[in-house]
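If you want the building blocks of each chain, they are given just below.
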Amino acid sequence: MLGVRGKLFWTSVALIAVVGLFSTVWLEGQLRSLLEHRTEARLLSSVRVVRESLLAAKPSWELGAVDPLVTRLGKASGVRVTVIGHDGRVLADSALNVDRVEQMDNHGMRPERRGALEDEVGWSRRTSRTLGQEMLYAATRLEPASDLTVRVALPLRGPPSPAQAQLPARRPWAGKA
């Protein structure tokens with residue numbers, strides 16, 4: 001039989017456990033929201049920088065021709081970069097080689113591309129059919145009167161897929177390189 005001190009002790013332990021559990025659940029939601037907002041800001045900046053870099057380079061917008069530049073931009077920016085042609089065909093993807101790009105589905109109806117054609121930037125949060133990972137996408141037209149679009153993406157959760165693992169890691173605490 002527990003005395004008054006024993007009952008108070010176990011009641012305190014139970015109360016601390018319940019408060020700890022609810023705090024953990026709340027904190028996880030807050031951190032997830034913060035991470036997603038930071039990811040959105042990073043993607044918005046990245047899609048604009050990648051668009052301007054592509055326009056400045058003036059590459060040939062043919063399958064395979066723009067691939068080396070897109071691969072370099074993807075590695076330099078740390079995001080997956082995809083160029084989608086006027087007809088929705090993928091012309092280059094920084095996470096895939098040209099042979100895999102040729103086999104990709106038509107991206108003409110992807111929500112982020114449709115959004116980019118309707119507004120300045122199109123957004124989508126979904127599982128990538130190619131990488132099998134939940135991703136956040138941002139896309140924009142390469143030029144105002146063109147259906148040629150550039151899309152950038154980052155994974156939202158979990159460890160990177162093998163295709164994403166080749167992208168450089170961002171470690172703000174590690175200092176400048």
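Residues numbered from 1 in each chain as written. Predicted model: local features only at pLDDT ≥ 70, side-chain atom pairs only at ≥ 80, totals over all residues. Heavy atoms only, no water.

Peer 1: Explain the packing of helix 1 (residues 4–57) against helix 2 (residues 67–77) here, please?
Peer 2: Angle between the axes and distance between the axes: these two values describe a pair of packed helices. Interhelical geometry of helix 1 versus helix 2 gives an angle of 145° and a closest axis separation of 11 Å. Where helix 1 crosses over helix 2, the two elements pack in a sense that is right-handed. Facing R42, V50, S53, L54 and A57 of helix 1, the residues of helix 2 in contact are L69, V70, L73 and S77. (Axes fitted to C-alpha atoms, helices over the stretch in contact; angles between N-to-C directions. Helix = DSSP H or I, 4+ residues; strand = E, 2+ residues; numbered from the N terminus. Left-handed = near helix turned anticlockwise from the far one by under 90°. Contact = heavy atoms within 4.5 Å.)

Peer 1: Sorry if this is basic, but what is going on with the packing of aromatic side chains here?
Peer 2: The geometry of two aromatic rings is summed up by the distance between their centres and the angle between their planes. According to the stated counting rule, one finds one aromatic pair in the structure shown. Taking the centre distance of 4.9 Å and the plane angle of 75° together, the rings of F9 and W10 count as edge-to-face. If you follow R126 out to its NZ or CZ, it ends over the ring of Y137, 4.2 Å from the centre. (Phe/Tyr/Trp six-rings, centres within 6.5 Å; stacked < 30°, edge-to-face > 60°. Lys NZ or Arg CZ within 6 Å of the ring centre and 35° of its normal.)

Peer 1: Looking at this model, I keep getting lost on helix 1. Mind explaining?
Peer 2: Side chains three or four residues apart in an α-helix point the same way, a direct result of the helix having 3.6 residues per turn. Its 54 residues place the ends of helix 1 78 Å apart at the C-alpha level, agreeing with the 80 Å of an ideal helix rising 1.5 Å per residue. Looking at the buried positions of helix 1, the neighbouring elements they touch are helix 2, strand 1 (80–84), strand 3 (122–127), strand 4 (134–141) and strand 5 (149–155). Following helix 1 by one or two positions, K58 adopts a phi angle in the positive range, close to 50°. (Expected span 1.5 Å × (residues − 1).)

Peer 1: Where do I start with a nonpolar patch on the surface in this structure?
Peer 2: Taken together, the side chains of L2, F9, W10 and V13 make up a nonpolar region of the molecular surface, amounting to roughly 410 Å² of accessible area. Since its relative accessible area comes to 34%, V13 is described here as partly exposed. (Patch = residues over 30% accessible without salt bridge, like charges linked within 9 Å, V, L, I, M, F, W, Y side chains within 5 Å. Areas by Shrake-Rupley, 256 points an atom, 1.4 Å probe, with all protein chains shown as cover. Salt bridge = Lys/Arg side-chain N within 4 Å of Asp/Glu carboxyl O. Buried < 20%, exposed > 50% of the residue type's maximum accessible area, 1.4 Å probe, protein only.)

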